[in-house]
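Summary of the model geometry
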Amino acid sequence: MSNKKSTFIGEHLIIAGASLFILLGLLYLSSLFMEDFSTDSITIFGTEFLIADIQPHIIQILFIVVSVLVSYLIYLLLSLRTRAELTAAIATRSLSNSLAHFEKLYEEAPVPYVILNEKGEIIKPNKATLRFFGVVLEEIEGKNLFSLCFEEDQEKAEKLFRYYKSNLPINSEEIRLITKKGAVKWVLLSVFGETSFNNLKKARLGVIFDITERKQLDQAKTEFVSLASHQLRTPVSTIRWYTDMLLSNSFGELSGEQKEYVETIHKVNQGMIELIDTLLNVSRIEMGSLKIDLKPTNVSDLVESVLVELSSQIEEKNINIEKNYGGNLENIESDPKLLRIVIQNLISNAVKYTQPNGTVSITLKDSFKEKAIVVTDTGVGIPEKDQEKIFTKLFRAGNVDVLSSSQGTGLGLYLVKSIMETMGGSISFVSEENKGSTFTITI
Amino acid sequence: MEEEQNKKKVLVVDDDDNLRRVLTDKLKASGFEVINASNGEEGLEKALAHHPDIILLDVMMPIMNGQVMLSKLREDEWGEKAKVIMLSVIEDSEVIAQAVVDRSLAYFIKTDQSMDDIVKRVKAMLED
């Protein structure tokens, strides 16, 4: 450091000396030049001055001026260095203050932060991380973050670790971590790109966002729906069977009106049964417990059975059913139970939202490229403004009241979409208000 | 009377009084002899005492539920081969899987079945 200083001073003194030398040289030359002047006097502001008198004074004045200039030059140069040092010192101090500031923010942040090394090991957990895991620094330093996951999420943790090693960022991935006491916590894990930290060139910042409470709440809600739905089945099956018995004339024949009333009870109850089934399926999807049971499935059989189920509504409204079976879609690998729910929903919607005497056509596409079921109706269609929300939960389009016969939960299409996605298929639709809709599912 | 002797015996095990009553009425009207139980413990006793030709077994019951009753039934020499149809409101795959393991002939959800459906199934199961 002192080496640099002396070099610095040395350099600038040489420059000062050289400048002084040049200046004095120029002055001497100019004095020589003045000596050769033929005139012996100069007139300045109407006063005459003899050159001979002035000459020594000129040199003195010039010498003083030069000294002052040179002194100033040297001062500037020296103070430049100290000013530079001073600026550097101020900058360094403000930088340390900043660093101290951010260090504090990092340490005291309410969200768990970790700095990870190349191997994914925790180097610098903040206080919130220590609180989260219920550990002290020594217990967690050096541990691989991805090894701290709940055993059921092992596969996911290994996948995220692979991303980490490939330098890919991790964006709010849901995963379960396990604390020292063995508690399982749901988190959103994010890991950002490389940064340098202390002596580590390849350090990365990780954020652990605790969402356990949110998850537990969601789970409680879904479990409640499941429990309630199961409980509702007992009274609803009672009504079904009791009305069955009355309608089968087991206790004597029913009069016209008695029969109608009992039939109404039975029909409305069937609606409740369907609603409960839908609620249970939705809750299963939300809980991730919808199990797919792949079997060789005959789609045309499923369609036929759904048409039989809906035959009374179809007849009542005199709906024309057109079947275009391009292939039979027999023997495809799918879950017949779930697929039936999908087909039932689509055809039932088509019938429900079509005016009397309308047409519902069902097309089966069975080619190498595409296996699809297309349900088209000539009904009320879906208004354009409602189309993007049609698959969301509890949504019914604005024009459902056009046909007084329609009753719906707003869950059907949400369920259908969830099932299709779970089975690895897809659903799409085209619709025009008052012209009709076409729904296509690909398997 | 000979007719009485030829009637097949059905044991209905369900904790819900209404459902038990309507099942009993329907099965009797369809030509069966019907025995009742309102929980798994009573059901097990009556099954071992009367050796019914088929048992309609609910799952959710107090004192002893249907799953436990079925596994205990299978420990008995006669009970091991008894014909059982599970009739429940629960659709959990674990419960259904357990019923399969314990060799119940079928597992039906109550709300999926009409009275006639149940009689049909019972008759079909008794054929073999």
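I will try to describe carefully the structure that is included in this document. Just so it is clear, the model here is predicted, and its values are computed rather than measured. (Residues numbered from 1 in each chain as written. Chains lettered and ligands numbered in written order. Predicted model: local features only at pLDDT ≥ 70, side-chain atom pairs only at ≥ 80, totals over all residues. Heavy atoms only, no water.)

Counted under the stated rule, the structure contains 29 salt bridges over all chains. The salt bridge involving A:R233 is made with A:D277; its shortest N-O contact spans 2.5 Å. Of this pair, A:R233 sits in helix α6 (residues 212–247) while A:D277 sits in helix α7 (residues 256–287), and the two are 44 residues apart along the sequence. For B:E91, the salt bridge goes to A:R284, with nearest N and O atoms at 3.3 Å. Linking B:E91 in the loop between β4 (84–88) and α5 (93–101) with A:R284 in helix α7, this pair reaches from one chain into another. Residue B:E91 is classed as buried on the basis of its relative accessible area, which comes to 17%. (Salt bridge = Lys/Arg side-chain N within 4 Å of Asp/Glu carboxyl O. Helix = DSSP H or I, 4+ residues; strand = E, 2+ residues; numbered from the N terminus. Buried < 20%, exposed > 50% of the residue type's maximum accessible area, 1.4 Å probe, protein only.)

It is worth spelling out the environment of A:Y163 at this point. Residue and element names in this part refer to chain A. Mapped onto the elements of the fold, Y163 is located in helix α5 (residues 154–165). Given a relative accessible area of 31%, Y163 falls into the partly exposed group. Separated by 133 residues in sequence, Y163 and S30 have C-alpha atoms that sit 79 Å apart. If sequence neighbours within four positions are ignored, Y163 has contacts with L168 and I170. (Contact = heavy atoms within 4.5 Å.)

The next subject is the pairing of β4(B). Residue and element names in this part refer to chain B. Within β4, five of the five residues are buried, leaving the element largely enclosed by the surrounding structure. By the alternation rule, side chains of β4 split into V84, M86 and S88 and I85 and L87, which are all buried. Here three bridges tie strand β3 (residues 54–57) to β4, and the two strands are oriented parallel to one another. The residue bridging L57 from the neighbouring strand is M86, located in β4. Of the crossover connections in this fold, the one passing from β3 over helix α4 (residues 66–73) to the parallel β4 is right-handed. For β4 and strand β5 (residues 106–109), the ladder comprises four bridges, and the chain directions are parallel. Each residue of the ladder has a partner; that of I85, found in β5, is A106. Considered for its hand, the β-α-β crossover made up of β4, α5 and β5 is right-handed. (Pairing = 2+ DSSP bridges. Right-handed = clockwise from strand over helix to strand, strands pointing away.)

On to the packing of helix α10 (residues 336–352) of chain A against helix α11 (residues 412–422) of chain A. All names here are of chain A. In the contact formed by α10 and α11, the axes pass within 10 Å of each other and the chain directions differ by 145°. The two elements α10 and α11 cross, and the hand of that crossing is left-handed. Where α10 approaches α11, its residues L338, I341, V342, N345, L346 and N349 are matched on the opposing element by G412, L413, L415, V416, I419 and M420. Class assignment of the residues belonging to the contact of α10 with α11 gives a composition of nine nonpolar, three polar and no charged. (Axes fitted to C-alpha atoms, helices over the stretch in contact; angles between N-to-C directions. Left-handed = near helix turned anticlockwise from the far one by under 90°. Nonpolar A, V, L, I, M, F, W, Y, C, P; charged D, E, K, R; others polar.)

Turning our eyes to something else, we now look at the interface of chain A and chain B. Interfaces are often described in size by the accessible area the parts lose on coming together. Across the boundary between the two partners, chain A contributes 19 residues, which contact 23 residues of chain B. At the boundary of chain A with chain B, total buried surface from both sides reaches about 1800 Å², with 59% on carbon and sulfur atoms. Area buried by chain A at its contact with chain B is led by A:R233, A:W241 and A:Y242, which between them contribute 37% of it. The tally of links between chain A and chain B comes to three salt bridges. Where chain A packs against chain B, one counts 10 residue pairs in polar contact (both at pLDDT 80 or more). Looking at the side of chain A that touches chain B, the elements that each hand over two or more residues are α6 and α7 of chain A. (Buried area = accessible area lost by both parts, 1.4 Å probe. Polar contact = N/O pair within 3.5 Å; in protein donor to acceptor, adjacent residues only side chain to side chain.)

Under the 1.5 Å per step criterion, the end-to-end length of helix α6 (residues 115–127) of chain B is 19 Å for 13 residues, consistent within 8% with the ideal 18 Å. Buried within α6(B) we find B:M115, B:I118, B:V119, B:V122, B:M125 and B:L126. Take α6(B) and look down its axis: the buried residues cluster within an arc of 130°, on one side only. For α6(B), the exposed residues set more than 90 degrees away from the buried face come down to B:K120 and B:E127. Contacts made by the buried residues of α6(B) are with α6 of chain A together with β1 (9–13), α2 (17–29), β3, β4 and β5 of chain B. (Expected span 1.5 Å × (residues − 1). Arc of directions from axis to C-beta.)

Turning our eyes to something else, we now look at the sheet that holds β1(B). All names here are of chain B. In spatial order, the strands read β2-β1-β3-β4-β5; together these five strands make up an open sheet with parallel pairing. Either end of the sheet is taken by a strand with one partner, and the two such strands are β2 (33–37) and β5. Averaged over neighbouring strand pairs, the angle between their axes works out to 20° when direction is ignored. Against the sheet, α6 makes contact with β1, β3, β4 and β5, and its axis sits at roughly 140° relative to β3, the strand it touches most.

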